[in-house]
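An overview of the molecular structure
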Amino acid sequence: MKTSIVIGNSHSIKTDICIVIDVLRASSVQFSLFKKGVQRILLAKTVDEAWELKKSYPQAFLAGEVNGLKIEGFDLGNSPSEINHKNTLPSIVIHKTTNGTQALIKANDSNHVYSVGFNGAPSLI
């Protein structure tokens, strides 16, 4: 079995199993969204793509950041604490970030993709 370690989000990865370890916010936000009852998170490559997805899923929330700043017009930024303070969330969230979502998108051609961040890691033990 071949094992590769790729750092960053500039490489497309096609393999049988890909594990994306995000130590910043994207995976922490996604974990918080699932914990709050969100059923589906759609990843967007660009802000424009996020807005296009919103047309197909009008009930969805838009969440994310560009260079650490909340995207104008989005329902949520990219903060787990912001998500944890929401009483209700829709079943679908469209998520766009500068790095974390991009790494997951680049791994999309793999057969199995797993994502983990700091706040989700204890649940794996």
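For the structure, see preceding data.
These numbers were taken from a predicted model, which means no experiment stands behind them.

Ordered in space as 2-5-3-4, the four strands form an open sheet in which the pairing is mixed. Each having just a single partner strand, strand 2 (40-43) and strand 4 (69-70) make up the two edges of the open sheet. Across four bridges, strand 2 lies against strand 5 (residues 92-96) in parallel orientation. Counted as the bridge partner of Ile 41 is Val 93 from strand 5.

Below, the discussion takes up the pattern of salt bridges. Under the counting rule described, the total for this entry stands at one salt bridge. Across the salt bridge formed by Lys 55 and Glu 52, the nearest N and O atoms sit 2.9 Å from each other. Placement of both Lys 55 and Glu 52 in helix 2 (residues 47-56) is noted, with a separation of three residues, approximately one turn of the helix.

Across a regular strand the side chains alternate sides, sitting on one face of the sheet and then on the other. Within strand 5, five of the five residues are buried, which leaves it mostly tucked inside the rest of the structure. Of the two faces of strand 5, the one carrying Ile 92, Ile 94 and Lys 96 and the one carrying Val 93 and His 95 are both buried. With four bridges joining them, strand 3 (residues 61-66) and strand 5 adopt parallel strand pairing. Following the sheet pairing, Gly 64 is matched in strand 5 by Lys 96.

Although it is not a glycine, Asn 67 adopts a positive phi angle of roughly 55 degrees. In this structure Asn 67 comes out as exposed when scored by relative accessible area, which is 66%.

Nonpolar side chains collect at one region of the surface, where Ile 17, Ile 19, Ile 21, Val 23, Leu 24 and Tyr 114 lie side by side and expose about 650 Å² of accessible area between them. With three residues, the single largest contributor to the nonpolar patch is strand 1 (residues 17-21). Position of Ile 17 relative to the elements: it lies in strand 1. Judged by relative accessible area, Ile 17 falls into the partly exposed class, the value being 48%.

Quick notes on the rules
- Residues numbered from 1 in each chain as written.
- Predicted model: local features only at pLDDT ≥ 70, side-chain atom pairs only at ≥ 80, totals over all residues.
- Heavy atoms only, no water.
- Pairing = 2+ DSSP bridges.
- Helix = DSSP H or I, 4+ residues; strand = E, 2+ residues; numbered from the N terminus.
- Salt bridge = Lys/Arg side-chain N within 4 Å of Asp/Glu carboxyl O.
- Buried < 20%, exposed > 50% of the residue type's maximum accessible area, 1.4 Å probe, protein only.
- Patch = residues over 30% accessible without salt bridge, like charges linked within 9 Å, V, L, I, M, F, W, Y side chains within 5 Å.
- Areas by Shrake-Rupley, 256 points an atom, 1.4 Å probe, with all protein chains shown as cover.

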